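Here's the letter readout for the chains.
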Number of protein chains: 2
Amino acid sequence: MSENRINVTDLAEQLLGPYAELRKVSRARAARPELQRDPLLGMDEQRARVLSQLGILVEEDAVQRAFPTKFGGHDDHGGSIATFEELVAADPSLQIKAGVQWGLFAGAILHLGTEEHHAKWLPSAMSLETPGAFAMTEIGHGSDVAAVATTATYDEDSEEFIIHTPFKAAWKEYLGNAALHGKAATVFAQLITKGVNHGVHCFYVPIRDEAGDFFPGVGGEDDGLKGGLNGIDNGRLHFNNVRVPRTNLLNRYGDVAADGTYSSPIPSPGRRFFTMLGTLVQGRVSLDGASTSAAKIGLQIAVTYGNQRRQFNSTSDTEETTLLDYQRHQRRLITRLARTYASSFAHDGLLDKFDAVFSGRADSDDDRQDLETLAAALKPLSTWDALDTLQECREACGGAGFIAKNRFTQLYQDLDIYVTFEGDNNVLLQLVGKRLLTDYAAEFRKLDTGAMALYAAKQVGNTALHRSGLRSVGQAFADVSDERKSANFFKDPANQRALFTDRINAKVAEVANALRAAGKNPAKSAQAFNDNQELLISAARDHGQLLRWEAFTAALEKVSDPVTAEVLTWLRDVFALSLIEDDLGWFLANGHLSMQRARTLPGYLNRLLARLRPHAQDLVDAFGYTQDHLRADISSGNEAERQDEAMEYFRKLRASDNAPISEKALKKASA
Amino acid sequence: MSENRINVTDLAEQLLGPYAELRKVSRARAARPELQRDPLLGMDEQRARVLSQLGILVEEDAVQRAFPTKFGGHDDHGGSIATFEELVAADPSLQIKAGVQWGLFAGAILHLGTEEHHAKWLPSAMSLETPGAFAMTEIGHGSDVAAVATTATYDEDSEEFIIHTPFKAAWKEYLGNAALHGKAATVFAQLITKGVNHGVHCFYVPIRDEAGDFFPGVGGEDDGLKGGLNGIDNGRLHFNNVRVPRTNLLNRYGDVAADGTYSSPIPSPGRRFFTMLGTLVQGRVSLDGASTSAAKIGLQIAVTYGNQRRQFNSTSDTEETTLLDYQRHQRRLITRLARTYASSFAHDGLLDKFDAVFSGRADSDDDRQDLETLAAALKPLSTWDALDTLQECREACGGAGFIAKNRFTQLYQDLDIYVTFEGDNNVLLQLVGKRLLTDYAAEFRKLDTGAMALYAAKQVGNTALHRSGLRSVGQAFADVSDERKSANFFKDPANQRALFTDRINAKVAEVANALRAAGKNPAKSAQAFNDNQELLISAARDHGQLLRWEAFTAALEKVSDPVTAEVLTWLRDVFALSLIEDDLGWFLANGHLSMQRARTLPGYLNRLLARLRPHAQDLVDAFGYTQDHLRADISSGNEAERQDEAMEYFRKLRASDNAPISEKALKKASA
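What counts and what doesn't
Residues numbered from 1 in each chain as written. Chains lettered and ligands numbered in written order. Predicted model: local features only at pLDDT ≥ 70, side-chain atom pairs only at ≥ 80, totals over all residues. Heavy atoms only, no water. Helix = DSSP H or I, 4+ residues; strand = E, 2+ residues; numbered from the N terminus. Rg over C-alpha atoms; globule rule 2.2 N^0.38 Å. Lys, Arg positive; Asp, Glu negative; His and termini not counted. Charge placed at Lys NZ, Arg CZ, Asp CG, Glu CD. Buried < 20%, exposed > 50% of the residue type's maximum accessible area, 1.4 Å probe, protein only. Salt bridge = Lys/Arg side-chain N within 4 Å of Asp/Glu carboxyl O. Domains from an automatic or database assignment. Contact = heavy atoms within 4.5 Å. Buried area = accessible area lost by both parts, 1.4 Å probe. Polar contact = N/O pair within 3.5 Å; in protein donor to acceptor, adjacent residues only side chain to side chain. Nonpolar A, V, L, I, M, F, W, Y, C, P; charged D, E, K, R; others polar. Phe/Tyr/Trp six-rings, centres within 6.5 Å; stacked < 30°, edge-to-face > 60°. Lys NZ or Arg CZ within 6 Å of the ring centre and 35° of its normal. Pairing = 2+ DSSP bridges. UniProt positions renumbered as here; feature names shortened; annotations may be inferred. Axes fitted to C-alpha atoms, helices over the stretch in contact; angles between N-to-C directions. Parallel < 35°, antiparallel > 145°, perpendicular 65-115°, else oblique.

Novice: Would you mind going over the overall build of chain A in detail, with residue names and values included?
Specialist: A tally of regular secondary structure across chain A gives 25 helices and eleven strands. Relative to the globule expectation of 26 Å for 671 residues, the C-alpha radius of gyration of chain A, 27 Å, shows essentially globular dimensions. Along the longest, intermediate and shortest principal axes, the C-alpha atoms of chain A span 100 × 70 × 45 Å. In chain A, the 74 positive side-chain charges and the 89 negative ones have mean positions that sit 5 Å from each other.

Structure representation (structure tokens):
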């Protein structure tokens, strides 16, 4: 088999993506024990440890990349995300607490503030002299930021804003750094001046003095123990008519003059709101990458163990079967390996897009909207996949998977909330769905509606959906004759693409038609929207999967080694076909696959998995994490040693005629 | 709506099942804080706390039910399981540590030992004077118990057994009570006498002295922190030629005379092995029940919150939408509510069967095998469903779901390993699959093989599968005309049953035919088996779901209140149809559903969910847990209070002409 192995070195380099060198530096950092999680620490100790780890990051110039060069940064937005993401290998709490401090808190100052604010607050935020909370979410308004109820009312006499929490549901909630360490907060509130509400704006509000006590009017609570990420001191904040100077309004997108006059470079309140929130997309981008990394770590551990561990003897009386030789084990791990590869390649594209927008290389309104949609489509898939993959790895390693030092449970617990924060996955997918619908409807209006039949939306797919990242269908769904073998059909990328594209188009068209039928009555329209919520969210999910499929397919073209290219093509096919299998009912019910073809799919997929099985170890090794990152007992080689020792024992037993038991007798007796 | 509400009181009583009174007593105990988990405790404190809680259980006569009356027990096997299961509401660690001590350790003495052993060791095991470990699993042999490598070699001279661990993979592993508290262990080892191995037997082996130090030759390690269940001191044990008296062999199913002669009431080694292991089925039964209880607790919390929490305003400018009014939220929670009901009713049947076998009322070989198959089919479904349900509840409650005191994450972490221990879910399902295959093949041999076409297995279904718990198909799959409405088709229980039954039969037939085609060559046969492993496991899963469907359907007949009966019938339909939707591709590809009918299924399911939505609170309240069991902040009514306060604020604001902001303006400004 050796001559048919993939080129792990080259593939590893490709997987590191456009920021390979920065990732290596960050991974070297994540390999150091003093930056890693100690699972035996209690909450208080864990919080203190992570705070001190943030200090190490500052000392080592590890957090400054995204900031302006004049403050010691590098103006490197994509590189900054890549650097932070890799911290997940050390400790997700470290990654997220760094994200709170430099991505959210300092990021709000950078992106929503102006020169004066940068000069005044960025240095101390960057140096961690001022740990800060990002006070956006409220108890009563988790995802609906536009409806936050905290008010910032301008007082012309004192030239101050009065920050106020009108009721308990308006308490700011789940804020990292709020329970203990935060000295200031960037607070999102409804800006009211001269009796008019101008919508949500962000204010810099000091919250604690040097001794760590709340300033007058500021209060809060500790969220206490969480399901994971206990290195972060999440908490609640509330404000009782707290006054801050007028200039504490982060005024890049909206300002109030001394006399109380409001002004903004963006006249539309809606667009202003989304522009301000758009600066937060970096959180979603980095969760997408970190989740993918965590899935890689889980798979590298589980595949290594599955390649060493033996259980039951199926074909031999004396040799037990290696776990990964079982079909079910291949199903469990290799399908998820395929998804993780897809996620990894898709993330590189997202990071490119992010860097283009944030560096200003390509930051038109359309670019920004595309970035938003791309992040909103990919973050849900990768964060859910990380949990699914870590859990399956945990179970595939049996009892050993449950031991904390084998990592799965700890990573799962820490990553659990990734599906909720920085945009709840279901809410994000609904945003993607609305975008698909808007793009579709814009095209739809230009067409003769009489010609539009349900399930026929694919005819407009080429132009209608490309703005959201969809490429053209390339070719219409081919009605392939029965003679052509199913396997050839399924492995043809044009067919894979057509199936995915048609599915999105048809679902979006179905929702659009239902909305059209409901007419313009707001109650009926809202009802129709809700009646199709599940379908629209599923279209959005399909859209994200298509983006991943395209990224995976594009990555294949960059592989020069023929064996690697062939193996990765099988893996891409597994990715595509397992998705089709998951939704086989839809493809059949809507006439995109024949019964005959559908029946061959599971078997073909199983054969692909068996073909990939000898390459599984190389494919996870190409992720490039070392035992310093994996740190699991079961990825250390201990299991192989134990297996060898046991086999040696039985070998000696077989060789000895006087052995009191033979291995075969031993097994037969209990069979 | 009030006159159309279900009868919660009666339904609650029905859900408590055949051991209602014992469950109430156990629930009252689980409501007491001193028996509950304190999530802030570290591992060492948690272990100590749970040990002391076991002492409370002993004092209160809460652990003795399954034991003989002459030792102060009640000879009540089903009641004992029901009692233990409910402890999960207090703390899963308490449930499992009690299970280790009284179900496994004392259970091995009771079921595998004889009178002398009972008299000698049961009292101290029951009183917790001797905490014990159940030393079956080995590092190298988790699920393959027949292959354990620990040996017990009889020494005629000293009339002792020599317990020995030949290599590291044979260390006993993951044993509760092994790391700290255990004073003795029931050790499973290959019994060797006169140079012959008679297979796995169980031995009573003292492991620690009064001071807590290992006896000479005994060693071990602490498994340390786990993903959950940290109230239990799991660890490893190994034995270096440790001698125990001949009479420490628990000799109910196999004995060695003083001169080394082996004897057994069960001549076949294979049957002997399975008879001994069969006594362990109670663990699976109680995990099935406890998992269902945990899912109930999760749903009761999440539905309560989903009924109070509001987010976004869809149909009104001023009123936000309650979460459970969103279609997606209904999909997430109500489909899982239906599964939990099915699981609850199925568990009652399992408990009946268990009690019949263990009480001796009906304990033929066939009864025992049916019990094994039933437990092996249901335990995987309920333990996986519990994790799936708890995770979905966690996510459906957003950030609040991640706070430890809201329970989901803690229950998830503790229940995670339920899918692995007491029989790994995939291994159990494979056993069920093999049983289905055996039953099928037995029938198969009597038939003209030439008449057997693939996918035509339903003709033999009535007789072939009933021994595994399948009832007759009742009626053949009806080829309903297109005119009949799809909804009528889907809600007809005969059709639901036929779809489920046909699916199992067809899958089993497909595997059987593949095995037959492979012939008798062992390597080819093993390969064919492995090539169909995924399919066979999926048939086993389908079988378990059919058993649940039958239990749910049977339970409907016991409901007298018409509104309750109607609502529960919708819920049963949701259970059935969401399963069919999950595997829609199979039903279509194999000709069991038409495309037209399949396309109507998601919409019909959504309408059923909307119809059930007003009853969701009543349906979870009928689970009967109180806030003392739920203990979540978000199930306490706090959320409703917060929402009321906020609405009152906006109401006053609207009433005041001089208000600086109107709620509407506030919302519009950011829209």
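Novice: Could you give an account of helix H12 (residues 408–415) of chain B, naming the residues involved and the relevant values?
Specialist: Among the eight residues in H12 of chain B, eight count as buried, and that is most of the element. Burial in H12 of chain B covers these residues: Phe-408, Thr-409, Gln-410, Leu-411, Tyr-412, Gln-413, Asp-414 and Leu-415 of chain B.

Novice: Any details on the pattern of salt bridges? Residues and values, ideally.
Specialist: Across all of its chains, the model carries 90 salt bridges over all chains by this definition. A salt bridge links Arg-572 of chain A to Asp-573 of chain A, with the shortest nitrogen-to-oxygen separation between them at 3.1 Å. Using a relative accessible area of 2% as the deciding quantity, one classes Arg-572 of chain A as buried. A residue is classified by how much of its surface remains accessible, and Asp-573 of chain A, at 3% relative accessible area, is buried. A salt bridge links Arg-309 of chain B to Glu-639 of chain B; the nearest nitrogen and oxygen atoms lie 3.7 Å apart. Note that Arg-309 of chain B is positioned in the loop between helix H8 (281–306) and helix H9 (327–359) and Glu-639 of chain B in helix H24 (residues 638–655), a separation of 330 residues in sequence. Each member of the pair, Arg-309 of chain B as well as Glu-639 of chain B, is classed as buried. Through salt bridges with shared partners, a single network forms among Arg-23, Arg-27, Glu-85 and Glu-86 of chain A.

Novice: Please give an account of the domain arrangement of chain A that cites residues and values.
Specialist: One frequently used descriptor of interface size is the decrease in accessible area upon assembly of the parts. Residue and element names in this part refer to chain A. Annotation of chain A at the domain level lists domain 1 (2–126), domain 2 (134–272), domain 3 (281–621) and domain 4 (640–670). On the domain 3 side, the residues contacting the 32 residues of domain 1 number 41 residues. Each partner contributes to the roughly 3000 Å² buried at the junction of domain 1 and domain 3, and carbon and sulfur atoms together form 58% of this total. Contact with domain 3 buries surface across domain 1, with Ile-6, Gln-14 and Leu-15 losing the most and accounting together for 20% of the total. At the junction of domain 1 with domain 3, the criterion picks out two salt bridges. Among the salt bridges present, the one from Asp-618 reaches Arg-5, with a minimum N-O distance of 2.6 Å. Viewed at the interface, domain 3 and domain 1 are joined by nine residue pairs in polar contact (both at pLDDT 80 or more). Elements with a minimum of two residues in the side of domain 1 that touches domain 3: helix H1 (8–16), helix H4 (77–85) and helix H5 (92–112). For the side of domain 1 that touches domain 3, a count of residues per class yields 14 nonpolar, ten polar and eight charged.

Novice: Which residues make up unusual backbone geometry, and what values go with them?
Specialist: Residue and element names in this part refer to chain A. For Glu-159, which is not a glycine, the phi torsion comes out positive at approximately 55 degrees. Relative to the helices and strands, Glu-159 is located in the loop between strand S2 (151–155) and strand S3 (160–164). In this structure, Arg-631 is a non-glycine residue whose phi angle is positive, near 60 degrees. As for its placement among the helices and strands, Arg-631 is situated in the loop between helix H23 (627–630) and helix H24 (638–655).

Novice: Go over the packing of aromatic side chains, please, and point to the residues and values.
Specialist: Within a pair of aromatic rings, the relevant descriptors are the distance that separates the centres and the angle that separates the planes. This structure, assessed with the given rule, holds 39 aromatic pairs over all chains. Here the aromatic rings of Tyr-649 of chain B and Phe-650 of chain B are separated by 5.2 Å at their centres, their planes lie at 80 degrees, and the arrangement is edge-to-face. Of the aromatic side chains, those joined through ring pairs into one cluster are Tyr-341, Phe-345, Phe-552, Phe-575 and Phe-623 of chain A. For Arg-368 of chain B, the ring lying beneath its charged end belongs to Phe-358 of chain B, and the centroid distance is 5.9 Å. In this structure, Arg-597 of chain B is placed above the aromatic ring of Phe-489 of chain B, and the distance from its NZ or CZ to the ring centre is 4.0 Å.

Novice: Lay out the pairing of strand S5 (residues 184–193) of chain A with the relevant residues and their values.
Specialist: All names here are of chain A. By the criterion of burial, S5 is predominantly enclosed, with ten of the ten residues buried. Note that strand S1 (residues 132–135) and S5 share four bridges and pair parallel. For Phe-134, the partnering residue across the bridge sits in S5 and is Thr-186. With three bridges joining them, S2 and S5 adopt parallel strand pairing.

Novice: Account for the UniProt feature "domain: Acyl-CoA dehydrogenase/oxidase N-terminal" (unreviewed entry) in chain A, with residues named and values stated.
Specialist: Those places that UniProt annotates as "domain: Acyl-CoA dehydrogenase/oxidase N-terminal" (unreviewed entry) correspond, in this numbering, to residues 64–127 of chain A. For the annotated span residues 64–127 of chain A, helix accounts for 66% and strand for 0% of the residues, and the straight-line distance between the end C-alpha atoms is 9 Å.

Novice: How would you summarise the packing of H9 of chain B against helix H18 (residues 533–556) of chain B if you had to cite specific residues and measurements?
Specialist: Residue and element names in this part refer to chain B. Running from N to C, H9 and H18 point in directions that differ by 85 degrees, and their axes come no closer than 8 Å. By the criterion of interaxial angle, the relationship of H9 to H18 is roughly perpendicular. Of the residues in H18, those touching H9 at Ala-338, Arg-339, Tyr-341, Ala-342, Ser-343, Phe-345 and Ala-346 are Arg-548, Ala-551, Phe-552 and Ala-555. In terms of residue class, the contact of H9 with H18 is built from eight nonpolar, one polar and two charged.

Novice: Residue-level account of the interface of chain A and chain B, with values.
Specialist: At the interface, 104 residues of chain A touch 104 residues of chain B. Of the roughly 8500 Å² buried between chain A and chain B on both sides combined, carbon and sulfur atoms contribute 56%. Between the two partners, chain A and chain B, sit four salt bridges. Summed over the shared surface of chain A and chain B, the number is 41 residue pairs in polar contact (both at pLDDT 80 or more). At six residues, the largest contribution of residues to the side of chain A that touches chain B is made by H24 of chain A. Across the side of chain A that touches chain B, the residue classes break down as 47 nonpolar, 33 polar and 24 charged.

Novice: Let's hear about the environment of Val-196 of chain B: which residues, and what values?
Specialist: All names here are of chain B. Tracing the backbone shows Val-196 in strand S6 (residues 196–206). A relative accessible area of 42% means that Val-196 is categorised as partly exposed. Measuring from C-alpha to C-alpha, the distance between Val-196 and Thr-153 comes to 9.4 Å, with 43 residues separating the pair along the chain.

Novice: Lay out the sheet that holds strand S4 (residues 172–175) of chain B with the relevant residues and their values.
Specialist: Adjacent strands of a sheet pair through backbone hydrogen bonds, lying either parallel or antiparallel. Residue and element names in this part refer to chain B. One open sheet accounts for three strands, arranged S4-S8-S7; its pairing is antiparallel. Either end of the sheet is taken by a strand with one partner, and the two such strands are S4 and strand S7 (218–222). Each strand of the sheet is rotated relative to its neighbour by a mean of 25 degrees, with strand direction disregarded. Where S4 and strand S8 (residues 235–239) come together, two bridges link them in antiparallel fashion. The partner of Leu-175 across the bridge, within S8, is Gly-235.

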